[in-house]
Amino acid sequence: MIMETITLGQSSIAVPPLCIGTWAWGDKLFWSYGSDYDEKQLKEAFNAALEAGTTFFDTAEIYGLGLSEELLGQFMKQSDRSAIIATKFGPLPWRFTAQSVSDALTDSLKRLQVEQVALYQVHWPFSFLMSQETLMNALADEVQRGRIGAVGVSNYSAQQMQEAHQILARRGVPLAVNQVRYSLLTRQIESSGITATAKQLGVTLLAYSPLAQGRLTGKYRPDSSEKPTGARSLDPQFSKAGLEKIEPVVALLRQIGEKRDRTPAQVALNWLISQGNVVAISGAKTAQQVQQNAGSLGWKLTNDEIAELEQISRPWLH
């Protein structure tokens, strides 16, 4: 299967429009790694992803406190296929020098067992004691050193993205991506100017939580006896009223999916990718989840279907 690709901003890095999110890899706090699933399942998921052509993985130094990167590094070493890795730097309060950025990158590269990471992103925009100027210049230095292929940011507003873009441009380095929360149930980036600014600057959007924590999979129904567990059980969005509110969107996903022999989740991911300039990051802990996600590729929603989904999800624009 020839995988369509999308180029990250104005970098030279081409990736599939679907990325495998690895927040749950090694994370005990949110995802109970080690009890419901372990390294064996994750390795199978990694291999299934390469098999399906979804070779792009997104991690962060903070995921599983470094364990996510370590596991990815291990799996890559044991595989004869190549993977494209994106990881993230956390601008924590005690990191206020360019050297601290460089040191964090060194640690990530060690855990990943690589000389260069394709994409290095700033995890969130809080600059405590380090200015954007210092941070972006430190990242530009690393691009020139060859330890980063492209620079990205995450959770940046339109204005913050513009500022980062400007500082990097002075160094001849393009800002490649902004990783943001984006799904049919979280479309604020369209109304807040992030989408338009990204387009104007040539920045690709990486969409995290593309299935709205599973609410777009059709698994959770207002009339179902199966109750959400873990953190979801405390989230009002998963209450009966919360699920009733999104039912029209989920019903349309089901309806389109049935026509095309696809799941609601595959339709929701395809809608995101069809926005253009968007890569969907879908978390996966098992080979089966990877294969299900990959079912969102290799076909296209019609313009009418895209328009219907856009129309029904308008309440979530703001």
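Placed above this text is the structure.
Residues numbered from 1 in each chain as written. Predicted model: local features only at pLDDT ≥ 70, side-chain atom pairs only at ≥ 80, totals over all residues. Heavy atoms only, no water.

## What to know about the packing of helix H4 (residues 132-145) against helix H5 (residues 158-170)
To keep things clear, this is the line we draw: Lines fitted to the C-alpha atoms define the axes, with helices restricted to the stretch that makes contact. Angles between their N-to-C directions range from 0 to 180 degrees. The helix count covers DSSP runs of H or I at least four residues long, the strand count covers runs of E at least two residues long, and both are numbered beginning at the N terminus. For this classification, under 35 degrees means roughly parallel, over 145 means roughly antiparallel, 65 to 115 means roughly perpendicular, and everything else is oblique. By definition, any crossing whose near helix is turned counterclockwise from its far helix by less than a right angle is left-handed, and any crossing with a clockwise turn is right-handed. Should any heavy atoms of two residues lie within 4.5 Å, those residues are counted as being in contact. When residues are sorted by character, Ala, Val, Leu, Ile, Met, Phe, Trp, Tyr, Cys and Pro go into the nonpolar class, Asp, Glu, Lys and Arg into the charged class, and all the rest, Gly among them, into the polar class.
Their axes nearest at 9 Å, the elements H4 and H5 cross at an angle of 50°. Of the possible angle classes, the one that applies to H4 and H5 is oblique. For the crossing formed where H4 meets H5, the hand is right-handed. Counting all contacts with H4, which are made through Gln 132, Glu 133, Met 136, Asn 137 and Ala 140, the residues of H5 involved are Glu 163, Ala 164, Ile 167, Leu 168 and Arg 170. In terms of residue class, the contact of H4 with H5 is built from five nonpolar, two polar and three charged.

## Quick notes on the pairing of strand S7 (residues 148-154)
The side chains of a regular strand alternate, first on one face of the sheet and then on the other. Going by this rule: In this scheme, a residue with accessible area under 20% of its type's maximum is buried, one over 50% is exposed, and one in between is partly exposed, where area comes from a 1.4 Å probe on protein chains only. Two strands are counted as paired when DSSP detects at least two bridges linking them.
The buried fraction of S7 is high, at six of seven residues. When strand S6 (residues 117-122) meets S7, the two strands line up parallel, connected through five bridges. Note that in S7 the partner of Gln 121 across the bridge is Gly 152. Sheet analysis places S7 next to strand S8 (residues 175-181), joined by four bridges and oriented parallel.

## Details of the nonpolar core
What counts, and what does not: Nonpolar cores were defined as sets of buried Ala, Val, Leu, Ile, Met, Phe, Trp, Tyr and Cys residues, with membership established by side-chain atoms within 4.5 Å.
If you look at the biggest cluster of nonpolar residues, it comprises 87 residues, and the most contacted ones within it are Trp 25, Phe 57 and Met 136. Discounting chain neighbours no more than four positions away, the residues touching Trp 25 are Ile 20, Leu 42, Ala 45, Phe 46, Phe 57, Tyr 63, Leu 67, Ser 68, Leu 71, Leu 72, Phe 75 and Ala 284. Core analysis: the next-biggest nonpolar cluster, separate from the first, contains 16 residues, Leu 8, Ala 150, Val 177 and Val 279 among them.

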